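Here is what each chain is made of, one letter per residue.
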Amino acid sequence: MKKLNYLLSGIVLMVVLVTVGCGDDEPKLSAEEQLFDKITGTWTAGTVTFGTGDDRTTDYAGFTIAFNGSKDAGYSFSTSLPAAVSSDRGPFNIESSGSWTFTNEISDASPSSVGITRTNDQLSMTLFIDSDSSARLEFNFIDEDGDGIHGNGRDEAISGNWVFTLTK
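About the thresholds
Note on numbering: residues in each chain are counted from 1, in written sequence order. Only residues with pLDDT of at least 70 are given local features in this predicted model, and only at 80 or more are side-chain atom pairs given and counted; all residues enter the totals for whole chains, interfaces and linings. Side-chain calculation: all heavy atoms of the structure are included, whereas hydrogens and water are not. One bridge is not enough; two strands pair if DSSP finds at least two bridges between them. Counting from the N terminus, the helices are the DSSP runs of H or I reaching at least four residues and the strands are the DSSP runs of E reaching at least two. For each residue, the accessible area found with a 1.4 Å probe, counting protein chains only, is set against the maximum for its type, and the residue is called buried under 20%, exposed over 50%, and partly exposed in between. The contact criterion used throughout is that any non-hydrogen atoms of two residues lie within 4.5 Å. As a per-residue measure, pLDDT reflects the predictor's confidence and takes values from 0 up to 100. Only Phe, Tyr and Trp rings take part, Trp by its six-membered ring, and two of them pair if their centres are within 6.5 Å. Stacked means planes under 30 degrees apart, edge-to-face means over 60, and tilted covers everything else. Criterion for a charge above a ring: Lys NZ or Arg CZ within 6 Å of the ring centre, and within 35 degrees of the ring normal. What makes a salt bridge here is a side-chain nitrogen of Lys or Arg within 4 Å of a carboxyl oxygen of Asp or Glu, nothing more.

Caption draft 1: The pairing of strand 7 (residues 123-131), seen in detail. Pairing analysis gives six bridges linking strand 6 (residues 113-118) to strand 7, with the strands arranged antiparallel. Of the residues in strand 7, the one forming a bridge with I116 is M125. What sits between the antiparallel neighbours strand 6 and strand 7 is a turn of four residues, in which Q122 has the positive phi angle 60 degrees. Bridge count between strand 7 and strand 8 (residues 134-141): six bridges; the pairing is antiparallel. Considered in strand 8, the bridge of L127 is made with L137.

Here's what the structure looks like:
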């Protein structure tokens, strides 16, 4: 009987040691890294509205925006503009690529929205994350870059609230 107790105690000890030794060896991603993994990739515009609902979808047919980078190396974006927009000015013609940052510290890996800032001109945008493949990018674009044409008719045609409905 004593031998059976020793044998069972030994088996229990082995099971405990194996179970404790089988921890998760992969490093945990921070909330910011998890969120970036969700938004990284190329997004295509489904609908585009300007101002109080002016439909600009036709102008932006084929528009894509790609979010790339890493927390350590920094985040970047690039856009692919349709010919109709490329030959004209628009909020992404002025800054068609560059870097961006999260506006606030990220503590939730699955927020319904996140603030991002385009680094070159400090344009603040909000990305509403509907799912891993559906989002909405909203921002108020004002061209005040001192290019000598602020306030002219073309400037007024692109300054205002923009909403890009995106799919990945």
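Caption draft 2: Structural context of the environment of I39. Among the secondary structure elements, I39 is positioned in helix 2 (residues 31-39). A relative accessible area of 2% places I39 in the buried class. When the C-alpha positions of I39 and S131 are compared, they lie 9.7 Å apart, and in sequence the two are 92 residues distant. Not counting the four nearest positions on each side in its chain, I39 is found in contact with F67, W100, F102, L127, I129 and K168.

Caption draft 3: Examining the confidence of the model for the protein chain more closely. Looking at the protein chain as a whole, its pLDDT mean stands at 79, while 68% of the residues score no less than 70. Between residues 146-153, whose pLDDT stays under 50, and residues either more than four places distant or in other chains, the model counts eight contacts.

Caption draft 4: Representation of the packing of aromatic side chains. Scanning the entire structure with this criterion turns up 13 aromatic pairs. Measuring from centroid to centroid gives 5.7 Å for Y60 and W162, while their planes differ by 70 degrees, and the two rings are edge-to-face. Taken together, the positions of Y60 in the loop between strand 2 (54-55) and strand 3 (64-70) and W162 in strand 9 (residues 160-167) put the pair 102 residues apart, joining distant regions of the chain. For W162, a relative accessible area of 1% corresponds to the buried category. Seen in terms of ring centroids, F63 and F164 are 5.1 Å apart; in terms of plane orientation they differ by 45 degrees. Their pairing is tilted. With F63 in the loop between strand 2 and strand 3 and F164 in strand 9, the pair connects residues that are 101 residues apart, well separated along the chain. According to the relative accessible area criterion, F63 is buried, its value standing at 1%. Overall, the relative accessible area of 0% leaves F164 in the buried class. One aromatic cluster is present, formed by F50, Y60, F63, F139, W162 and F164 through successive ring pairs. Lying over the aromatic face of F128, R136 brings its terminal NZ or CZ to 4.3 Å of the ring centre.

Caption draft 5: A look at the environment of S78. Note that S78 resides in strand 4 (residues 74-80). For S78, a relative accessible area of 31% translates into the label partly exposed. Between the alpha carbons of S78 and S96 there is a distance of 5.8 Å; along the sequence they are 18 residues apart. Setting aside chain neighbours within four positions, we find S78 in contact with T64, I65, A66, N68, S96 and S97.

Caption draft 6: The arrangement of the pattern of salt bridges in detail. Under the defined criterion, the tally for this structure stands at three salt bridges. D130 is the partner of R136 in a salt bridge, and the nearest nitrogen-oxygen pair spans 4.0 Å. You can call R136 partly exposed: its relative accessible area is 26%.

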